[in-house]
Each structure stands twice: as structure tokens, then as C-alpha cells.
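Given next are the chains, with one letter for each unit.
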Amino acid sequence: MAKRITMYGQSRKPLVEVFDEFVVSQTAQGLSEITLSNYRRHLHSISNHLDIQKPMDTFDDFSPLAQLNPQKDKIRRSK
């Protein structure tokens, strides 16, 4: 399983700007161009459904499950 990446101090920046900084950091760590290209394609796919110009902190409470069934999502988050 892949290691989870946490980026601190990014909450007020637009998602696309944080993504660009992430790609630069991953390039510096030596990730292959194929992997970086996959990351860009994933962001493009996400941008078809979400406004990636919004600040990161607007996505904190985003959960499709919460929209379908708020009670189940509340139980899932409490575990």
C-alpha cells in the first residue's frame, strides 16, 4: 500500500496550485515522468467533477457518502 502524503500549510491555496507544488516535490524525489503524467491525468479527471480552483479547505468535509446518507457517514467517521 502506498504511503499517505500530508502537506501542511496548504489549506487556503487552490487545489491546482497545491498539486503543482506536489508534482515539483515528487520530481525532485526522482519519480518517473510516466508516474507524474498519471498524476496529471488523475487531476484532469477530478477537474471534470470538482472546481480545482477552490481552496483546499473547501474540500475538508467533502464526502459523496455524506450526501447520500448523512447518518451512515457520521457513523463511519466516528470509528
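The coordinates are above.
These remarks concern the structure in this document. Everything numeric in this text was worked out from a predicted model, so none of it was measured.

Conventions and cut-offs
- Residues numbered from 1 in each chain as written.
- Predicted model: local features only at pLDDT ≥ 70, side-chain atom pairs only at ≥ 80, totals over all residues.
- Heavy atoms only, no water.
- Phe/Tyr/Trp six-rings, centres within 6.5 Å; stacked < 30°, edge-to-face > 60°.
- Helix = DSSP H or I, 4+ residues; strand = E, 2+ residues; numbered from the N terminus.
- Buried < 20%, exposed > 50% of the residue type's maximum accessible area, 1.4 Å probe, protein only.
- Core = buried A, V, L, I, M, F, W, Y, C linked by side-chain atoms within 4.5 Å.
- Contact = heavy atoms within 4.5 Å.
- Expected span 1.5 Å × (residues − 1).
- Arc of directions from axis to C-beta.

**Describing the packing of aromatic side chains**
Scanning all chains against the criterion turns up 1 aromatic pair. Pairing Phe 22 with Tyr 39 gives two aromatic rings, centres 5.4 Å apart and planes at 45 degrees, and the pair type is tilted. Of this pair, Phe 22 sits in helix α1 (residues 15-28) while Tyr 39 sits in helix α2 (residues 33-47); the two residues are 17 residues apart in sequence, bridging distant segments of the chain. Given the relative accessible area of 14%, Phe 22 is considered buried. Note on Tyr 39: relative accessible area 27%, which makes it partly exposed.

**Regarding the nonpolar core**
One broad trend across soluble globular proteins is that nonpolar side chains are buried collectively. Counting residues in hydrophobic clusters, the biggest one holds 7 residues: Leu 15, Phe 19, Phe 22, Val 23, Leu 36, Leu 43 and Ile 52. Counting only elements with at least two residues in this core, the list comes to α1 and α2. In terms of residue count, α1 provides more of this core than any other element does, 4 residues in total. Those residues within four positions of Leu 43 in sequence are excluded, and the remaining contacts are Leu 15, Val 16, Phe 19 and Ile 52.

**A look at α1**
Over its 14 residues, α1 runs 20 Å from end to end, which matches the ideal 20 Å to within 8%, given 1.5 Å per residue. Restricting attention to buried positions, one finds in α1 the residues Leu 15, Val 18, Phe 19, Phe 22, Val 23 and Gln 26. Projection of α1 onto a plane perpendicular to its axis shows the buried side chains occupying an angular sector of 140 degrees, all on one side. Residues Val 24 and Ala 28 are exposed on α1 and point more than 90 degrees away from its buried face. Contacts made by the buried residues of α1 are with α2. Gly 30 sits one or two positions beyond α1 and adopts a positive phi of about 95 degrees.

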